[in-house]
Every structure is written in structure tokens, then in C-alpha cells.
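Summary of the model geometry
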Amino acid sequence: VQLQAYGGGLVQAGGYLRLSCAASGRTFSSYNMGWFRQAPGKEREFVAATNWSGDSTDYADSVLGRFTISRDNAKNTVYLQMNSLKPEDTAVYYCAADRYVPASRWNERRGYDYWGQGTLVTVSS
């Protein structure tokens, strides 16, 4: 599967953005999907993930209650709605996919075989 993330941009603190990740291929609905982010000089970290159907989700503590992951399998797209953005949310955001990663490993980079190219989110104070 090939992934294309988009929707990043510059936003003021307290604002919102919605990221999208479009996937190629007919088997998108069989993939677990995740969002990760990498701030300058930092490790890539887990943000959110969802299972193939979208009825199970997981979030990093730092975004819980502010971000929402969802998917539309008919459109081969996964979304990350980001509300109440903070300057510390500034990062390049990546989407990732894997068919077999168990929920217990959704927060691990190594659990995903496929990655998008990233989209930059900048939150100004």
C-alpha cells in the first residue's frame, strides 16, 4: 500500500487542522492505520491509531481529548482531526499502515511496514 499524507500547515495555538492520509490499493480496509509525528531534534512518536474498521482507537496521552483519528474505507482515507492545538504539537506528521500489527503494538514505529511521506504542522504561539 502507498500512503500520501496531506493537510498540514501553519495555525495559531488553540486552532485546528485536519490531516488526511490517502492510500492506494483495494485492500485499505484490511490495514490498521496509525499517525506518528516527529518534532525537530526528537524521536518519531506515536500519536493515534485505529483498527481496520475504525471501531477501535488508541491515543498518546499528550493528544487524548484533543485529537481524533477516523477512517473512511470507501475513500481509502484515514483522518486526524486536531483541535486545541499547542505549539508543542509542531512536527512532521506521518501516517503508517500495517495489516498485522496487534493493538498492543500500535504505539510502536516498528509495528508498521508502510509509511507516508509526512506533512508539516506548525503551531504558532
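Refer to the preceding data block for the structure.
Residues numbered from 1 in each chain as written. Predicted model: local features only at pLDDT ≥ 70, side-chain atom pairs only at ≥ 80, totals over all residues. Heavy atoms only, no water.

Brief notes about the state of the cysteines
Counted by the stated rule, this structure contains 1 disulfide. Residue pairing for C21: its cysteine sulfur links by disulfide to C95, the two sulfurs lying 2.1 Å apart. Residues C21 and C95 are joined through a disulfide that is right-handed, its torsion about the S-S bond being 65 degrees. Residue C21 is located in strand β3 (residues 17–23), and its partner C95 is located in strand β9 (residues 91–98); the two are separated by 74 residues in the primary sequence. (Disulfide = S-S within 2.5 Å. Helix = DSSP H or I, 4+ residues; strand = E, 2+ residues; numbered from the N terminus.)

Overview of the side chain of T50
Looking at where T50 falls in the secondary structure, it is placed in strand β5 (residues 45–50). A distance of 3.0 Å separates a polar side-chain atom of T50 from the backbone oxygen of S56. Excluding residues that lie within four positions of it along the chain, T50 makes contacts with N32, M33, S56, T57, I69, R71, V78 and W106. (Polar contact = N/O pair within 3.5 Å; in protein donor to acceptor, adjacent residues only side chain to side chain. Contact = heavy atoms within 4.5 Å.)

Remarks on unusual backbone geometry
Phi is positive for N76, close to 55 degrees, though the residue is something other than glycine. Of note, N76 is situated in the loop between β7 (67–72) and β8 (77–82). According to the relative accessible area criterion, N76 is buried, its value standing at 18%. (Buried < 20%, exposed > 50% of the residue type's maximum accessible area, 1.4 Å probe, protein only.)

What to know about the pattern of salt bridges
For the coordinates displayed, the defined rule picks out 5 salt bridges. Across the pair D89 and R37 runs a salt bridge, and its minimum N-O distance is 2.9 Å. Highlighted residues: D89 in the loop between β8 and β9 and R37 in strand β4 (residues 32–38), separated in sequence by 52 residues. Exposure class is identical for D89 and R37. Each is buried. Two residues, D89 and R66, come together in a salt bridge whose shortest N-O distance is 2.7 Å. (Salt bridge = Lys/Arg side-chain N within 4 Å of Asp/Glu carboxyl O.)

Describing the side chain of N51
On the secondary structure map, N51 appears in the loop between β5 and β6 (57–59). In this structure N51 comes out as buried when scored by relative accessible area, which is 11%. If near-sequence neighbours (up to four positions away) are discounted, N51 is found in contact with Y31, N32, S56, R71 and W106.

Observations concerning the sheet that holds β3
Read across the open sheet, the 4 strands follow the order β1-β3-β8-β7; overall the sheet is antiparallel. The open sheet has two free edges, formed respectively by β1 (3–6) and β7, since each of these has just one partner strand. Averaged over all adjacent pairs, the angle separating strand axes in this sheet is 15 degrees, with direction ignored. Summarising the sheet, β7 and β8 pair through 6 bridges and their orientation is antiparallel. Of the residues in β8, the one forming a bridge with S70 is Y79. (Pairing = 2+ DSSP bridges. Axes fitted to C-alpha atoms, helices over the stretch in contact; angles between N-to-C directions.)

Looking at the nonpolar core
Of all hydrophobic cores here, the largest spans 36 residues; its most connected members are M33, W35, V47, F67, L80, M82 and Y93. When contributions to this core are tallied by element, the ones reaching two or more residues are β1, β3, β4, β5, β7, β8, β9 and β11 (119–124). The biggest single contributor to this core is β9, with 5 residues. Excluding its chain neighbours within four sequence positions, the residues that come into contact with M82 are G15, Y16, L17, L19, R66, F67, Y93 and V121. (Core = buried A, V, L, I, M, F, W, Y, C linked by side-chain atoms within 4.5 Å.)

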